[in-house]
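Structural characterization, general
As a plain string of letters, each chain reads:
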Amino acid sequence: MTGEPSPSDLAEKVDLWRQRFFEAQAAAEEFILGEHGEEGLAAWIQANSRITAELLRAQQPAGVSATDHFMTRLQHQLLLYDSAVTSEPQPSGTVVLRNADCGILRYRERAARAGVVLTFSSPCPYCQELNTAIAARYVGPDVTVSCERAGGGCTWRAESHAPGEGAAGSPHRGRAGD
């Protein structure tokens, strides 16, 4: 016996982690909406984006731009839910993250079919608003991060607007502090 969990044990742990995270998030959203309405949810997103941006700054690896760090974090977050995600750096310096099949959306749809009462009919507007708010606080004013939803997924785009940057320059400056 090696003491390491079997693949089936590990899969069960991952599923349990996802379920518990989902339950905690849903409870927080339900409480905030019930107690404070839409204004409370907007304040929650702003507080969450501030806290997350501060954590990202503290965790930013040396030599990695804030933009690349943010987009990698977003990709990893989506992959935790088995999303079909690809990252496509463009010659212009734009980074495109394609989420062809969102595991978060799939997971919530499965939960709804199982009788779980969902706070939102779709997680997409919340995810989009939260992550663009995080990016706005973290990557800096010379980069715009946007999201377009399509079907069961979305496309995230980080575009640099700094003068002289693009294919020939450093495509992802991002700021180290805010």
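Scroll up to find the structure.
Residues numbered from 1 in each chain as written. Predicted model: local features only at pLDDT ≥ 70, side-chain atom pairs only at ≥ 80, totals over all residues. Heavy atoms only, no water.

Okay, the packing of aromatic side chains next. Tallying each qualifying case throughout the model produces four aromatic pairs. Pairing Trp-17 with Phe-21 gives two aromatic rings, centres 5.7 Å apart and planes at 10°, and the pair type is stacked. Of this pair, Trp-17 and Phe-21 are both found in helix H1 (residues 7-59), four residues apart, which corresponds to roughly one turn of the helix. Overall, Trp-17 belongs to the partly exposed group, its relative accessible area being 42%. With 5.9 Å between their ring centres and 65° between their planes, Tyr-81 and Tyr-107 make a pair best called edge-to-face. Note that Tyr-81 is positioned in the loop between helix H2 (66-79) and strand E1 (84-89) and Tyr-107 in helix H3 (residues 103-113), a separation of 26 residues in sequence. Residue class for Tyr-107 comes out buried when judged on its relative accessible area of 13%. Within the aromatic cluster, the residues linked to one another by ring pairs are Trp-17, Phe-21, Tyr-81 and Tyr-107. (Phe/Tyr/Trp six-rings, centres within 6.5 Å; stacked < 30°, edge-to-face > 60°. Helix = DSSP H or I, 4+ residues; strand = E, 2+ residues; numbered from the N terminus. Buried < 20%, exposed > 50% of the residue type's maximum accessible area, 1.4 Å probe, protein only.)

Moving on to H3. An α-helix turns once per 3.6 residues; consequently, residues spaced three or four apart project the same way. Residues Gly-103, Ile-104, Leu-105, Tyr-107, Arg-108 and Ala-111 constitute the buried set of H3. Remark: Gly-115 follows H3 within two positions and exhibits a positive phi of approximately 100°.

Taken in spatial order, the four strands of this open sheet run E1-E2-E4-E3, and their pairing is antiparallel. Where the open sheet ends on each side, the last strands, each with one partner, are E1 and strand E3 (143-150). Neighbour to neighbour, the strand axes of the sheet diverge by 15° on average, direction disregarded. The pairing of E3 with strand E4 (residues 153-160) spans eight bridges and is antiparallel. Across the sheet, residue Ala-150 finds its bridge partner in E4, namely Gly-153. Packing of H2 onto the sheet brings it into contact with E1, strand E2 (95-101), E3 and E4, and relative to E2 it is tilted by some 10°. (Pairing = 2+ DSSP bridges. Axes fitted to C-alpha atoms, helices over the stretch in contact; angles between N-to-C directions. Contact = heavy atoms within 4.5 Å.)

This paragraph deals with the environment of Ala-100. Note on placement: Ala-100 falls in strand E2. Residue Ala-100 is classed as exposed on the basis of its relative accessible area of 63%. A C-alpha to C-alpha distance of 6.5 Å links Ala-100 and Cys-154, two positions 54 residues apart in sequence. Ala-100 has contacts with Ala-84, Gly-152 and Gly-153, leaving out every residue within four places of it along the chain.

This part covers the side chain of His-69. Mapped onto the fold, His-69 is located in helix H2. Ignoring any residue separated from it by four or fewer positions in sequence, one finds His-69 in contact with Leu-56, Gln-59, Gln-60, Pro-61, Val-64 and Tyr-138.

Bridge count between E1 and E2: six bridges; the pairing is antiparallel. Bridging across to E2, Ser-87 finds its partner in Leu-97. Counted along the chain from E1 to the antiparallel partner E2, the turn is five residues long, and its residue Gly-93 has a positive phi close to 100°. When E2 meets E4, the two strands line up antiparallel, connected through five bridges. Directly across from Val-95, in E4, lies its bridge partner Ala-158.

Turning next to the state of the cysteines. According to the stated counting rule, one finds zero disulfides in the structure shown. For Cys-147, which is in no disulfide, the shortest distance to another cysteine sulfur is to Cys-154 and amounts to 4.1 Å. Taking the relative accessible area as the measure of exposure, Cys-147 reaches 12% and is therefore buried. (Disulfide = S-S within 2.5 Å.)

So yeah, pure geometry; function would need other evidence.
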